[in-house]
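# Per-entry structural report
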Amino acid sequence: MARYDYQPFDCQPPPELKGGEQTCRPVIIVGAGPIGLAAAIDLALHGVACTVLDDNNVVSIGSRAICWSKRTLEIFDRLGVADRMIDKGVTWQVGRLFHRDNEVYSFDLLPEPGHKMPAFINLQQYYVEQYLVERCADFPELIDLRWKNKVTGIQQTGDGVTVNVNTPDGEYELTGEFAMACDGVRSSVRTMLGLGFEGKVFDERFLIADVEMTADFPSERWFWFEPPFHKGQSALLHKQPDNIYRIDLQLSPDADPEEEKKPENVIPRIKAMVGERPFELDWVSVYTFQCARMERFVHGRVIFAGDSAHIVSPFGARGGNGGIQDVDNLIWKLAAVLDKRAPVSLLESYNEERLRGADENILNSARATNFMTPKSDMEKLFRNEVLSLAATMPFARKLVNSGRLSLPCSLEGMPLQSGSNGAPLAAGSPCPDAPLTGGGKNSGWLLNELGGNFTLLHMGAQQRVGLDGMREITVADQQSADAFHDSQGMAAQRYGTGFSYLVRPDQHIAAAFTRPDADAVAAAHDRAMDLG
Amino acid sequence: MADDGIGADRLGPAGDAFYEQLMAAHEGLSLDQSARLNARLVLILANQVADQTLLAEAISAARDHVANRNQIQEP
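Residues numbered from 1 in each chain as written. Chains lettered and ligands numbered in written order. Predicted model: local features only at pLDDT ≥ 70, side-chain atom pairs only at ≥ 80, totals over all residues.

On a plain count of helices and strands, chain A comes out with 13 helices and 26 strands. In terms of overall size, chain A behaves like a compact globule, its C-alpha atoms giving a radius of gyration of 24 Å where 532 residues would be expected to give roughly 24 Å. Here the C-alpha coordinates of chain A stretch approximately 65 × 65 × 45 Å along the principal axes. Buried positions account for 49% of the 532 residues belonging to chain A. For chain A, contacts bridging at least 24 residues in sequence account for 70% of all contacts bridging at least 6. (Helix = DSSP H or I, 4+ residues; strand = E, 2+ residues; numbered from the N terminus. Rg over C-alpha atoms; globule rule 2.2 N^0.38 Å. Buried ≥ 20, exposed ≤ 12 C-beta atoms within 10 Å, placed from the backbone. Contact = placed C-beta atoms within 7 Å.)

All names here are of chain A. All of the buried residues along helix α13 (residues 518-528) are V521, A524, H525 and A528. When α13 is viewed along its axis, its buried side chains cluster within an angular range of 100° and face the same direction. At the C-terminal side of α13, D530 shows a positive phi close to 55°. (Arc of directions from axis to C-beta.)

The next thing to look at is the pairing of strand β10 (residues 160-167) of chain A. All names here are of chain A. On β10, burial follows the alternation: V161, V163, V165 and T167 on one face are buried, whereas G160, T162, N164 and N166 on the facing-out side are not. Two strands pair when backbone bridges link them, and strand β9 (residues 150-157) and β10 are joined in this way by seven bridges, in the antiparallel orientation. Looking at β10, one finds that V151 is bridged to V165. Linking β9 back to β10 in an antiparallel pair, the connection comprises two residues. If you look at the hairpin formed by β10 and strand β11 (residues 170-181), you'll find two residues sitting between the two strands. (Pairing = 2+ DSSP bridges.)

The next point concerns the pairing of strand β13 (residues 220-225) of chain A. All names here are of chain A. Judged by how many residues are buried, β13 sits mostly within the fold: five of six residues are covered. By the bridge criterion, six bridges tie strand β5 (residues 94-99) to β13 in an arrangement that is parallel. Considered in β13, the bridge of R96 is made with W222. Judged from the four bridges that link them, β13 and strand β14 (residues 234-240) form a sheet pairing that is antiparallel. Each residue of the ladder has a partner; that of F223, found in β14, is L236.

All names here are of chain A. The phi dihedral of K148 is positive, around 50°, even though this residue is not glycine. Within the fold, K148 resides in the loop between β8 (143-146) and β9. A tally of 18 C-beta atoms within 10 Å means that K148 is categorised as partly exposed. Not every positive phi belongs to a glycine, and D242 is a case in point at roughly 65°.

Every contact between the two is made by 16 residues of chain B and, on the other side, 16 residues of chain A. Where the side of chain B that touches chain A is concerned, the elements lending two or more residues are α1 (15-26), α2 (31-49) and α3 (52-73) of chain B. Here the side of chain B that touches chain A takes six residues from α1 of chain B, the largest share from any one element. Across the side of chain B that touches chain A, the residue classes break down as six nonpolar, five polar and five charged. (Nonpolar A, V, L, I, M, F, W, Y, C, P; charged D, E, K, R; others polar.)

The end-to-end C-alpha distance of helix α10 (residues 377-390) of chain A is 20 Å, a good match for the 20 Å that 14 residues give at a rise of 1.5 Å each. Along α10 of chain A, the positions that sit buried rather than exposed are M378, F382, R383, V386, L387, S388, L389 and A390 of chain A. (Expected span 1.5 Å × (residues − 1).)

Let us look at the sheet that holds strand β4 (residues 90-92) of chain A. Residues and elements named next belong to chain A. Ordered by their spatial adjacency, three strands build an open sheet running β3-β7-β4, and the pairing between neighbours is antiparallel. Unpaired on one side and paired on the other, β3 (67-69) and β4 mark the two borders of the sheet. Averaged over neighbouring strand pairs, the angle between their axes works out to 30° when direction is ignored. Across three bridges, the pairing between β3 and strand β7 (residues 120-122) is antiparallel. Bridging across to β7, S69 finds its partner in F120. Taken strand by strand, helix α2 (residues 70-78) contacts β3 and β7, and its axis lies near 75° from that of β3. (Axes fitted to C-alpha atoms, helices over the stretch in contact; angles between N-to-C directions.)

Structure, rendered in structure tokens:
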């Protein structure tokens, strides 16, 4: 019962091949994975139409990206899909680390109270894609999903992009004002444009398996260095919905991926790990660790997001999460450029801000990979002594690295941000959530009141500035008709009182003020829109 | 263990960067050369720590640990 039921999506001949009118789409999205689908939904929420082209007609085969972080879930919540994901997903917060036969230590991500979203959920990529596809159906006028539409060519003009598309019904051309390449690590758009993808490929390979079994393993992340069942290597066990367990087993550099994938070779390895309990293999893959990125993510009218732009080794939950954060950063800017509310140069800030995010993810992933895969006897000695010391010494625990789990990247000090004026949250910080009441609702969350558009958030009794078109909300420590009530005091803990924050559409702080006036807020807004 | 004891975390967020630098320093060295690097590093760091009581504690903690581990491995 548990196995995912892959339902092919309906493929219609495109209107261009039925004699329909050739219309220029504002945005063409290449790739209907989590990143392309999230981008389509976010564009639709901004009222921008797009066409999504995918060469396949099913969701991801195999679980692939499974670990979704709090920040990503907050973005998914803004897109209207988080509730389903949390209902279906496995919420977890405890990780255990083992070295050989011993538990070295455990950590609890212990989400502080007062956040709508949990620290992490595990949910197979195929469910994430299914829910996103179903959410796309809420925007039939704006999102045009085309399955089995393979992009075979791409040309840029000064003010647009033309793609050649191959379908089961024939070939056609499609023009758009912008194209987003969300077509994964082997991006055909990147290849067709002749763009590089530079980085480091590690020697080690990992065998990755989805195993269906009934077991009483808790919903925890278990990571082994040199486990007794898999000599000298490392291993991960992590629970997913439907009694599917993700198992990752490190292979030596000389392992033959095709041989290792064969069930007769995989099954004994899994048995050694899970014992005699019955299990079935649901999906097996072998991957090579690599950390790489493009030099730039914006190339004229073609914008790269997700794995097409940057790839990291797993174990930090930084691949899928990094890509969703790309979408969050880009789409409001793209919508503003398309509406002519902002200059095209605003897109350069996507390039800069997400390069910072990608570099942070690559740095952390490369360090984790190096810790997991010592390259010399001395590295191995250091690694094993760190693990040994970690049993008793807190400092060594902090050095143990089985993946530094994804946290949102701060945009502090980057050009769109203005001053912080001594506020507890500096300009560039992602906005933390907090529970609120009032505003016509019995209970609510601060992040649900922010995002989508620019919002001026007043913490306390500051005068509203009354800037044209600017949404303003007030959070106060008392109930009142025109403010949200910080009933548990958590908003004040996180944002302080007596400050006003200009919040970007992606829920990052653009500027903070002690006594905001219309001119200062307008200046910060214009700077965040690159209207300077 | 007390938070201010010999094993308390003092590297904080710099831990990962330090570990990366240390591994990079060993890159391309033979085991013998690496052992020399370690010895030199211990001596230089000891001079930086300077406090004889602290150093004695550190030496003892490091040595205890090695001894305990050998006992576990060779019962």
